[in-house]
Amino acid sequence: MITMRKKRLASLRLRVYRYLNRNRSMKKAIISIKGFQSAHYSDEESFELVTDGEYSMSDGIAEFSYLESELTGYAGMRTTFHIEPDCVVLTRAGGLNGEMIFSEGRKHHFVYETTYGSLTMGIDTQSITQQLNEDGGNLEIHYAIDVDNIVMSRNSFKINVR
């Protein structure tokens, strides 16, 4: 019950933030994302994406977004990272919508949509490290994904915005 309430609160804070900052201009940025995934049934997989995007920071809250491509499997979708001091919210919009909340030491649930249907998964964030300022910076997130409390994979993002 508490986790669901915190998820709703984080989602509400994100909507309020976006509403209050709807006229704030985002500046152009180059976003580099390295992703790693390790599952017990396969070798570690990794990917690297460098793309054009947008970035802004105000009052200690950063946000960046970019359009996905066919290479990522989410062509035409916009991915947005909203970074607050105590959590990061990843939102995908434009087709298969979704929202993942990363909050260190806390478990959140999210709906993973596919063309075949939806699946509720858990996300347990081990660590978030950020060094972001008005010019960009770095964000690193380490987390585990589970289904029915069975860990399916351990993942990480290493992101640079410039």
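Throughout, a residue's number is its position along its own chain's written sequence, starting from 1. Only residues with pLDDT of at least 70 get local features here, since the model is predicted, and only at 80 or more are side-chain atom pairs given and counted; chain-wide, interface and lining totals rely on the full set of residues. Heavy atoms from the whole structure form the basis of all side-chain values; hydrogens and water molecules are not counted.

### Some remarks on the overall build of the protein
As a reminder of what qualifies: Each helix is a run of DSSP H or I of at least 4 residues and each strand a run of E of at least 2, with the numbering of both proceeding from the N terminus. Burial classes follow relative accessibility: with a 1.4 Å probe on protein chains only, a residue under 20% of its type's maximum area counts as buried, one over 50% as exposed, and anything between as partly exposed. Residue contacts are counted whenever heavy atoms from the two residues lie within 4.5 Å of one another. Only the protein chains shown count as covering a residue, and every accessible area follows the Shrake-Rupley method with a 1.4 Å probe.
Scanning the protein from terminus to terminus reveals one helix and ten strands. Secondary structure elements of the protein, listed N to C terminal, follow the sequence α-β-β-β-β-β-β-β-β-β-β. Looking at the protein as a whole, 40% of its 162 residues are labelled buried. In the protein, once contacts between residues fewer than 6 apart in sequence are set aside, the share between residues at least 24 apart is 39%. As displayed, the protein offers around 9600 Å² of accessible surface, 51% of which is attributable to carbon and sulfur atoms.

### Looking at the pattern of salt bridges
As a reminder, the rule being used: For this document, the term salt bridge refers to a Lys or Arg side-chain nitrogen within 4 Å of an Asp or Glu carboxyl oxygen.
All chains considered together, the criterion is met by three salt bridges. The salt bridge partner of lysine 27 is aspartate 135, with a shortest N-O separation of 3.8 Å. Remark: aspartate 135 occurs in the loop between strand 8 (117-133) and strand 9 (136-147) and lysine 27 occurs in strand 1 (residues 27-38); sequence separation between them is 108 residues. For lysine 27, a relative accessible area of 37% translates into the label partly exposed.

### What to know about the pairing of strand 3 (residues 61-67)
So the rule is basically this: Pairs of strands are assigned from DSSP output, requiring at least two bridges between the strands.
Strand 3 sits mainly inside the fold: six of its seven residues count as buried. Note that strand 2 (residues 45-58) and strand 3 share five bridges and pair antiparallel. Bridge pairing in strand 3 links methionine 57 to alanine 62. Adjacent in sequence and paired antiparallel, strand 2 and strand 3 are bridged by two residues, among which aspartate 59 carries a positive phi angle near 55°. Relative to strand 4 (residues 78-83), strand 3 runs antiparallel, the two sharing six bridges.

### With respect to the side chain of threonine 79
The condition that has to hold: Polar contact criterion, stated in full: a pair of N or O atoms within 3.5 Å, where within protein one must be able to donate a hydrogen and the other to accept it, and residues adjacent in sequence count only if both atoms are side-chain atoms.
Relative to the elements of secondary structure, threonine 79 occurs in strand 4. In this structure the side chain of threonine 79 is engaged in a polar contact, spanning 3.2 Å, whose partner is the side chain of arginine 92. Apart from the residues lying within four places of it in its own chain, the contact partners of threonine 79 are Phe64, Ser65, Tyr66, Glu68, Leu90, Thr91 and Arg92.

### Some thoughts on the sheet that holds strand 9
What counts here: Axes here refer to lines fitted to C-alpha atoms; in helices the fit is confined to the stretch in contact. Angles between the N-to-C directions go from 0 to 180 degrees.
If you walk across this open sheet you meet the ten strands as 6-5-4-3-2-1-10-9-8-7, and the pairing is antiparallel. Looking at the sheet topology across the chains shown, the edges are occupied by strand 6 (98-102) and strand 7 (107-114). Between one strand axis and the next, the sheet turns through 30° on average, direction left out of account.

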